[in-house]
Every structure is written in structure tokens, then in C-alpha cells.
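If you want the building blocks of each chain, they are given just below.
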2 protein chains.
Amino acid sequence: MSAGSILSALEDVQIAPRRSLAEEAADKLREAILLEHLAPGTPVPERELSEAMGISRTPLKDALRLLEMEGLIDYGPTRRPRVANPSLATLRDNITVLGALEALAGELACAVATATELADIAARARRMETDGGDALAFFHQDMNFHGAIVAAARNAPLADTHRQYNARLWRARFLSSRQIDRRENTLAEHDRIVTALMARDGVATANAMRAHLRSTIENIARVHADGRGQGG
Amino acid sequence: MSAGSILSALEDVQIAPRRSLAEEAADKLREAILLEHLAPGTPVPERELSEAMGISRTPLKDALRLLEMEGLIDYGPTRRPRVANPSLATLRDNITVLGALEALAGELACAVATATELADIAARARRMETDGGDALAFFHQDMNFHGAIVAAARNAPLADTHRQYNARLWRARFLSSRQIDRRENTLAEHDRIVTALMARDGVATANAMRAHLRSTIENIARVHADGRGQGG
DNA sequence: CGTTTGAATTTGGTATGCCAAATACCATTG
DNA sequence: CAATGGTATTTGGCATACCAAATTCAAACG
């Protein structure tokens, strides 16, 4: 029995790299922030939190730095971590950039995506129409639709930056997506995007993605006017 | 003498926040990387380096994380920091995104920049024509030209992300800009950008910026073919 | 000589202690 | 009552020690 066949006899020989405590803490915190168990603007007391999590301050600081990078945590003038609490203007600025990133992704996907990938994207849009589910499920499908386009663009820095922006905007996008009267518009806009993608028309796709994100901006502004105080 | 006039009698009462050791170390490392005193691919030994810098490992780790965020340092599979050594394909991907960011900046600047800001940008382009200086001086003016457009866009997340991409691409952009035969093209492309900006034509400005960055991609590829081994 | 194994050394993640800066609280003063 | 000053407490940055994982090096084996 040679080395080759030992390997082929085993399905999966890779040991996953051990996740650091910082990474695990960041995951926990990310979830708490995105579900608003940690409300926007909340100070994050390092010692208290590290004790509650059963880890030392060092990996917690690392975790907070990771989340700072994603825009979920910010540091005040005295360097104390707080849960980010973006103003409407900041959200608008972020979504404007996100729109440009997604427009670029759409354009690149027209050039480099496989037919299978495009078909998958179209199927996602269709599934949202026929089986949207509740608000959270619909939102997840929405985010996966966008994510599939960005992945089909095959540009790693773009995907990374998009991920960062999406994390930062996740909450606001969810609140926007949750509006029942919003769903029809979303689906229509997705159709426009898919039509342009299937035609591999980069310009039309980019424009459709920008328009989609522009209406997201408008809807987030509406949600802001309805319910949440202005952030710091 | 009232409190108001104590403040007005003093020109500058703000005490600058103390810079952390991590920030200072990051600056030093950034410079060493960008000037290739630390060559691409070089392992960064934490203990040795912290000792050489006269600080402990803690702020050095923080500094390295900052530089990771900027793409100047990457962490290998064993979590050891190395100086990033981007492949041509990675550089191309990064510049593609940078092009989209700068296109957005141009478009936004057309909408929101003051006449003074636009005049300043035009003056910068002119100064590069009449007083370009040596390769490094010309390059600095070039980067300041681009930076002024991004600043005039008044979108903080865009400016942040642009800064990150610029840091990551600084070296490659410098090597490209250094090509003597490149200068004429650069100046012509800047002219096109300025013309579109002064006309506040967002679409034309965005297109001119994209075209400019596309020729940067081509030039970087040429430099790569000429001289540097392929990165990891 | 090439390969394997085991021990020594190096290195990254983490815990913890210390010091300086920031904040909170209380008493005093006008 | 509001403002000010002083003290106690909390908090962030940093240094250092420790442990486990990774790497290096030397010896043994085929």
C-alpha cells in the first residue's frame, strides 16, 4: 500500500487550522452586534467582557481590532471601544461606495463568469420570487444573491472590501429589506440585474446595480425617519 | 478677562492626542516596506524586530495588524507575518477596484466639490506639467492630485478605502510612474480628467479616471515583465 | 547518501501585572 | 445651587512570562 493510496483511502486529511481565541471572540461579538444584543453606541468594557467570555484581555483586544476593521466597533477620542452607531449620512456614504463596488462586480461578472454561475444567480432571483420566506430568510437570500455576483467577478480584493462594507451595513440593509412593501421593488430590480447579466451587458448590469443600491439608500433613509434616533 | 478671551488669546490650545507606540511602529515599518528596505516576501520576526525597535511585542503586534489591514503585511499559513508580495494578478485586481473607487470619487466631486477645490485640482495638474521634478517628486504630486479628487468627493468611507488601496499599491504605482516615457501619458490623462471635472460632467470624469487607471494597469504589467520576479 | 526520528530552539497566542491617563464621585467654596 | 478641586476608581497601553505549536538541527538508520 503506497503513500498515494493511503491518501486516497482517506476522504479528508486536512486538519483545519485552529481558530484563535480572537477569531472566536470576534464571531461572538459580531453576532451580538448585528442582532443588537449590543446596541449601537454601547461602550465595550474590555475587562468586564473578557471576564464574561472567559478569556484574557489580549485576544479580546485583537477581536475588537478585527471588528474595528469591519466598521462594527469604533474607538472614541479616548480610545475606548464602542459599538459603532453610524449616522444616516454615514450609511448613505457607505452604500454609495457599496453601489460602486457592486457595479464593478456586475461588470466583471459579465466578462468572466461561467454560464453555470450566471444560471445560479438567475435561479437565486427566481427562488426569492417563488419562495421568499419570512423577512430574515428573504434577507439572507438577498444577501446571497449579491454575494454570488461578487464571487462571480473573481476579484479577491473586491470580494474582501465588499465583505467589509456588507458587514458594516448588514443591520441597516436588514431593516430596509424587512419592509414588506419593499419586496416587490427588490424583486423587480433583481430581474433587471439578471436580465443584464444574462445578456453579459457590463454597462447595463453596472447601471442596474447602482440603481438598486440607490433605492436601498432611499429606503434606509425612510426607515431612519420612522424609527431610530440619529447616531453619533 | 473672561474665559472666552483666554481661548481667543491663545492660537492653538488643543493638545494632540499622544500617538501610541503601535502607530509609530507602523509608520516606521510602512516606510521600510514602501522603500523596500524590507523586501517583498521577507519574514518579519516579531521578537527580533521588537527588540531592534526598543518596544515590546505587544505594540509591535498591533502595528503589524494595522499594516495587515493595509495589505502591506500578510500572515502565512503558520500565522507568521511577512512583507506582502503581491503577484501581478493581485496588483491588477487591486487597481481594477481602485479604478472604480476613483471613478466614483470623480463623479461625486463633480456634484459636491467647491469651485476652489476644482481650481486646486486643476492647478495641481498644471504644476505637474511645468514643474514635475524628479521621479519621486513627480510621483508625490501625482498621488496628491488623485488624493485631492477623492477628498473633494466628501465621502469618508470612500476616502478610507481609497487610502488603504493606495498604501497597498504605492510601490507598484511608484515603479510605474517612474517610467520616463510614462510621464507624457500621465499628463495627458490628467488633462482629460481635469477638463471633465471643470465641466462637472460626472460620467465623463468617471470614464476618464477609469481609463487612467487602466493604463496604469498596463504599465505596471510592463514593469513586472521587465524586472521583478513573480510574487507568491 | 537520502530519509527518518528525536531533541533543541524559535515563535505565536495568551495571560497577567503595572503604570499612566481618564472618569466618577464627593466635599468644599462662592 | 453651580462650579471647582481633590481623591478614588476604572480603563487602555504596554511589558513580560508562560505554554503550545512550528521549525531547525543533529544523529541514527537503511
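Residues numbered from 1 in each chain as written. Chains lettered and ligands numbered in written order. Predicted model: local features only at pLDDT ≥ 70, side-chain atom pairs only at ≥ 80, totals over all residues. Heavy atoms only, no water.

1. What about the overall build of chain A?
Along the backbone of chain A there are 10 helices and 2 strands. Written out in order from the N terminus, the α and β elements of chain A read α-α-α-α-β-β-α-α-α-α-α-α. (Helix = DSSP H or I, 4+ residues; strand = E, 2+ residues; numbered from the N terminus.)

2. Regarding the relation of the copies chain A and chain B
For the pair chain A and chain B, the best superposition has an RMSD of 0.1 Å and corresponds to a rotation of 180° with a translation of 0.0 Å parallel to the axis. The two molecules are tied by a two-fold rotation axis, judged by turn and shift. Across chain A, the rotation axis passes nearest the C-alpha of Ala100 of chain A, at a separation of 3.3 Å. Taken as a fraction of all interface residues of chain A, those also at the interface in chain B reach 100%, which identifies the copy contact as same-surface. (Least-squares fit on C-alpha atoms with pLDDT ≥ 70 in both. Contact = heavy atoms within 4.5 Å.)

3. With respect to the layout of surface pockets
Rolled over the atoms, a probe with the dimensions of a water molecule shows which regions are left empty. Computed from the structure, the second largest pocket encloses a volume of approximately 690 Å³. Ala100, Ala103 and Arg210 of chain A together with Ala100 and Arg210 of chain B are the residues nearest the centre of the second largest pocket, which is lined by 38 residues in total. Contributing elements (two or more residues each) for the lining of the second largest pocket: helix 5 (88–112) and helix 10 (202–226) of chain A together with helix 5 (88–112) and helix 10 (202–226) of chain B. A total of 12 residues in the lining of the second largest pocket trace back to one element, the largest contributor, which is helix 5 of chain A. For the lining of the second largest pocket, the per-class residue count stands at 21 nonpolar, 6 polar and 11 charged. (1 Å grid on protein atoms, 1.4 Å probe; cavity = no way out; pocket = protein on both sides within 12 Å on 5 of 7 lines; lining within 4 Å. Points joined across faces, edges and corners; volume = space filled by probe spheres on them. Nonpolar A, V, L, I, M, F, W, Y, C, P; charged D, E, K, R; others polar.)

4. Focus: the pattern of salt bridges
Two side chains with opposite charge may pair up if their charged atoms get near one another. Residues and elements named next belong to chain A. A complete count under the given rule lists 28 salt bridges over all chains for this structure. One salt bridge in this structure joins Arg57 and Glu46, with 3.0 Å as the shortest N-O distance. You can see Arg57 sitting in helix 4 (residues 57–69) and its partner Glu46 sitting in helix 3 (residues 46–53), a full 11 residues away along the chain. One salt bridge in this structure joins Asp160 and Arg163, with 2.9 Å as the shortest N-O distance. Linking Asp160 with Arg163, this pair stays in helix 8 (residues 156–177), spanning 3 residues, or about one helical turn. If you follow the salt bridges from partner to partner, you end up with Arg19, Asp27, Arg30 and Glu70 in one network. (Salt bridge = Lys/Arg side-chain N within 4 Å of Asp/Glu carboxyl O.)

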